Amino acid sequence: MSATDAVIPASTGAAAPASGDDLVTVDDLVVHFPITSGIVFRHKIGAVRAVDGISFTVKRGETLGLVGESGCGKSTTGMAILHLEKPTAGHVLYEGADLASLSGRALRRQRRRMQMIFQDPYASLNGRMTIADIVGEPLLVHKLYPRSGRNQRVRELLELVGINPNTLNRYPHEFSGGQRQRIGIARALAVEPNFIVCDEPISALDVSIRAQIINLLLELQREFGLTYLFIAHDLSVVRHISDRVAVMYLGKMVELAENAVLYGEPVHPYTQALLSAVPIPDPEAEENRRAVVLQGDVPSPADPPPGCHFHTRCPAAQEGLCNVEPPVLREVRPRHWASCHLVTNTDFPHIRAGEDDLAVVATGPVMGDASAATVVHTDALDAAGENDHGDV
Amino acid sequence: MGVDTSRLLDVTDLSVDFDSQEGIVHAVDHVSFSVAPGELVGLVGESGCGKSVTATAILGLTRMITNATVSGSIEFQGRDLLALPENEVRKVRGKDIAMIFQDPVTSLNPVLSIERLMTEGIELHLDLSHDDAVARAIDMLQLVGIPKAAERIRDYPHQFSGGMRQRVMIAIALSCNPKLLLADEPTTALDVTIQAQILRLMKKLSREYDAAVIVITHDLGVVAGMCRRILVMYAGRIVEEGPAKPLFHHPHHPYTVGLLRSVPRLDRPRSAKLQSIEGLPPDLSHLPPGCSFAPRCWLATDACWQGVPPLFDTDAGRRSACFHRDRLIEPAAAEMTA
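Residues numbered from 1 in each chain as written. Chains lettered and ligands numbered in written order. Predicted model: local features only at pLDDT ≥ 70, side-chain atom pairs only at ≥ 80, totals over all residues.

Peer 1: What should I look at first to understand the overall build of chain A in this one?
Peer 2: The helix and strand inventory of chain A stands at 11 helices and 14 strands. Within chain A, buried positions represent 50% of all 392 residues. Long-range contacts, defined here as pairs at least 24 residues apart, represent 63% of the contacts in chain A between residues at least 6 apart. (Helix = DSSP H or I, 4+ residues; strand = E, 2+ residues; numbered from the N terminus. Buried ≥ 20, exposed ≤ 12 C-beta atoms within 10 Å, placed from the backbone. Contact = placed C-beta atoms within 7 Å.)

Peer 1: Quick question: what am I supposed to make of the overall build of chain B here?
Peer 2: Helix and strand counts for chain B come out as 13 helices and 12 strands. Taken over C-alpha atoms, the radius of gyration comes to 21 Å for chain B, in line with the 20 Å a tight globule of 338 residues would show. Judged by the C-alpha coordinates and their principal axes, chain B covers about 65 × 50 × 40 Å. Taking all 338 residues of chain B together, the buried fraction comes to 50%. (Rg over C-alpha atoms; globule rule 2.2 N^0.38 Å.)

Peer 1: What exactly am I supposed to notice about the sheet that holds strand E2 (residues 23-35) of chain B here?
Peer 2: Hydrogen bonds between backbone groups are what pair the strands of a sheet, and the pairing can be parallel or antiparallel. Residues and elements named next belong to chain B. Strand order in the open sheet formed by four strands is E2-E1-E4-E5, with antiparallel pairing between adjacent strands. On the outer flanks of this sheet lie E2 and strand E5 (79-80), each paired with one strand and no other. Bridge count for strand E1 (residues 9-20) against strand E4 (residues 68-76) is eight bridges, and the pairing is antiparallel. Looking across to E4, one finds that Phe18 is bridged to Ala68. (Pairing = 2+ DSSP bridges.)

Peer 1: When you look at unusual backbone geometry in this model, what are you seeing that I'm missing?
Peer 2: Working note: non-glycine residues mostly have negative phi, and peptide bonds are mostly trans. The phi dihedral of Asp28(A) is positive, around 50 degrees, even though this residue is not glycine. Relative to the elements of secondary structure, Asp28(A) occurs in strand E1 (residues 22-37). Despite not being glycine, Asn177(B) shows a phi value in the positive range, around 50 degrees. Asn177(B) sits in the partly exposed class, given 13 other C-beta atoms within 10 Å.

Peer 1: Help me out: how do you make sense of the sheet that holds strand E4 (residues 89-94) of chain A in this one?
Peer 2: Residue and element names in this part refer to chain A. Pairing within the open sheet is antiparallel, and its four strands lie in the order E2-E1-E4-E5. Because the sheet does not close on itself, it has two edges, and the strands there are strand E2 (43-59) and strand E5 (97-98). Here E1 runs beside E2; their pairing, made up of 13 bridges, is antiparallel. The residue bridging Pro34 from the neighbouring strand is Ala47, located in E2. Helix H1 (residues 74-81) contacts E1, E2 and E4 of the sheet and is inclined by roughly 115 degrees relative to E1. (Axes fitted to C-alpha atoms, helices over the stretch in contact; angles between N-to-C directions.)

Peer 1: What should I look at first to understand helix H6 (residues 207-224) of chain A in this one?
Peer 2: Each α-helix winds once per 3.6 residues, and so residues spaced three or four apart point in a common direction. Residue and element names in this part refer to chain A. Its 18 residues place the ends of H6 26 Å apart at the C-alpha level, agreeing with the 26 Å of an ideal helix rising 1.5 Å per residue. Three or more residues of H6 are buried, namely Val207, Ser208, Ile209, Arg210, Ala211, Gln212, Ile213, Ile214 and Leu217. Positioned one or two residues after H6, Gly225 has a phi angle of 60 degrees, which is positive. (Expected span 1.5 Å × (residues − 1).)

Peer 1: How do you make sense of the domain arrangement of chain B when you look at a structure like this?
Peer 2: Residues and elements named next belong to chain B. Looking at the assigned domains, one finds that chain B contains domain 1 (9-227) and domain 2 (245-337). Using only C-alpha atoms to locate each centre, domain 1 and domain 2 end up separated by 29 Å. Domain 1 puts 11 residues into the contact, and the matching count from domain 2 is eight residues. Looking at the side of domain 1 that touches domain 2, the elements that each hand over two or more residues are E2 and helix H8 (220-224). A per-element tally of the side of domain 1 that touches domain 2 places E2 first, with five residues. Of the residues contributing to the side of domain 1 that touches domain 2, the split by class is five nonpolar, four polar and two charged. (Domains from an automatic or database assignment. Nonpolar A, V, L, I, M, F, W, Y, C, P; charged D, E, K, R; others polar.)

Peer 1: Explain the interface of chain B and chain A here, please?
Peer 2: Often, the extent of an interface is quoted as the loss of accessible area upon association of its parts. Contact with chain B, which involves 39 residues of that partner, is made by 37 residues of chain A. Mapped onto the side of chain B that touches chain A, the elements with two or more residues apiece are helix H6 (162-174), helix H7 (192-209), H8, helix H9 (244-249) and helix H10 (254-261) of chain B. Looking at which element gives the most residues to the side of chain B that touches chain A, the answer is H7(B), with seven residues.

Peer 1: For this particular structure, what's the right way to read helix H4 (residues 147-160) of chain A?
Peer 2: Residue and element names in this part refer to chain A. Its 14 residues give H4 an end-to-end C-alpha distance of 21 Å, which sits within 8% of 20 Å, the value for a rise of 1.5 Å per residue. Within the span of H4, buried status applies to Val154, Leu157 and Leu158. The buried side chains of H4 occupy one side of the element, clustering within an arc of 95 degrees when seen end-on. Every exposed residue of H4 that faces more than 90 degrees away from the buried side is listed here: Ser148, Gly149, Gln152 and Glu159. (Arc of directions from axis to C-beta.)

Peer 1: Can you walk me through the pairing of E2(B) in this structure?
Peer 2: Residues and elements named next belong to chain B. The sheet contact formed by E1 and E2 spans nine bridges and is antiparallel. Residue pairing across strands places Phe18 opposite Val25, the latter belonging to E2. What sits between E1 and E2 in their antiparallel hairpin is a turn of two residues.

What follows is the structure, given as structure tokens:
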């Protein structure tokens, strides 16, 4: 069931060495947080299944977008990859080496290659440290530069991210949100990593500043050949920045494909609904499309529904199948993985807005309103029937 | 503008200044606009542009902020709210003008049950007995889509999810049949699939209750699908105003152009680089002398640094506070925005 077995080398433009195309391999990763009860005698009464068995790879030089709604486990995945959160089960291989088997100095050496950019630039910079100390600390920890050269290196880093190097003795509160995020990026770059987990790096920023930070991240990637895991809930931003995109729902990976394929021909009903719910800043475009409105809320990850985690909100769910049998992530087309019972190699459910903005399914038998589901979306069927999708 | 005589809300020359250690912060700077009954208006801008302070002033809450100085007038149904005594404003606030706040997690009092939260306003404003108020509250909860409303009314806010809490907040806001609903970033704290539910609900209810809504947001996508008319604010001033469709298609202010260009869109092909607006929004206590967008504007000339541009009429119902608006209005400039 591991998706990693079937990885076909990427055909994207990223210049990757012939061997070891995969920089990070995540294999059946599980992260559960225990729920305990009792004060004196604490005992475990359950678990929040934040990440519930996911597998994927991040290729050298690419940006893998990881999207999903809050509580779907995307940030926990990022933390577990960096070993900031200990996996309950499963493995994370970095350049083929299992991080769990490392400790002490070896782990620290490996950590230098992988860094993180945090969501909230107000909370992730220590307010009592100067910019020089914040950006210089990783150099100190990893003993990278002699004391004399450290300030010079900090100046270089600040210049790289567009901060005036003469401000290095100032404190974080003297900077705006966008500038702070630049400082956070300089700190991540200080140790010359290969791989950076960007956890919602722009969602705390103003609209006019977001584009600046996205452009900076793309420039730095080109310059240093960085690999990004870009975690975000904003699907338009992920589309802009990513080579491949993975969609998570309630601790599970539901779909993974190359950017154009995932946004152009999503096969999983959740991905389809998610994409149709993204508002477009154009009144005419909004008028002409009818968003699929999913009913209800995301269930609690402490008590996920049986079978497919999405079946409680899925307009295509089939009684007796989706609520019983958990689907596995399969390669439904070359380089396109999805975990849905109803997706076959020739057919997939295509949900769209019905009469009352409720989601209906155009193909396949339906559990809910069968009368509204008579229109067969021929485009979707045709597209699914073909096999050559590499060109999209 | 000025065609509709039956205006619901008329904000004229509204300014809100805050005294601070850094000097006077001009949060809202001579803002004028009006809202017709039942109209859906979007107030768009980035953080610190004064959009929430404007809402606070309309609700008559700025009078409670001790370091705030308010001038201008806010006429609601013909009465100037800024001139009314507090006990008169109280009869309007929560009844005729209601507010939906951004964060449903912190804006519902956690120690009060949904019943208390809902019936407080109903009993006060509609003069109903407690039992009648509870019945009305249950009706409202059903209306906003809370399942098993009669049972869940006894629950507390923490027993609801974020989306459900925002529904409760909408139910509270609508429970006294308001004429004007101020929604301050109503979906920013919510997930995208829940956001779609809430926006749809607000649009539907505003139609059913004939309530005007001012949606305050930084997200251009949110107002595009919902509002008929858009006001764009920057650094405390309205810089552009107009009907949604032409405004989004062909903005007449360089800030709106920049804002629209800097967000990636799902319905457009991917571009290699986003066109960002360079620089930062200005410090509201030290505004530049002329146009506050001039330091970031590619059209700026000496004139922009010398005087504050007023709102010029540019087209039917459209206004733009830019000296160089003609360069954007010309057809040749249209493709810049595309």
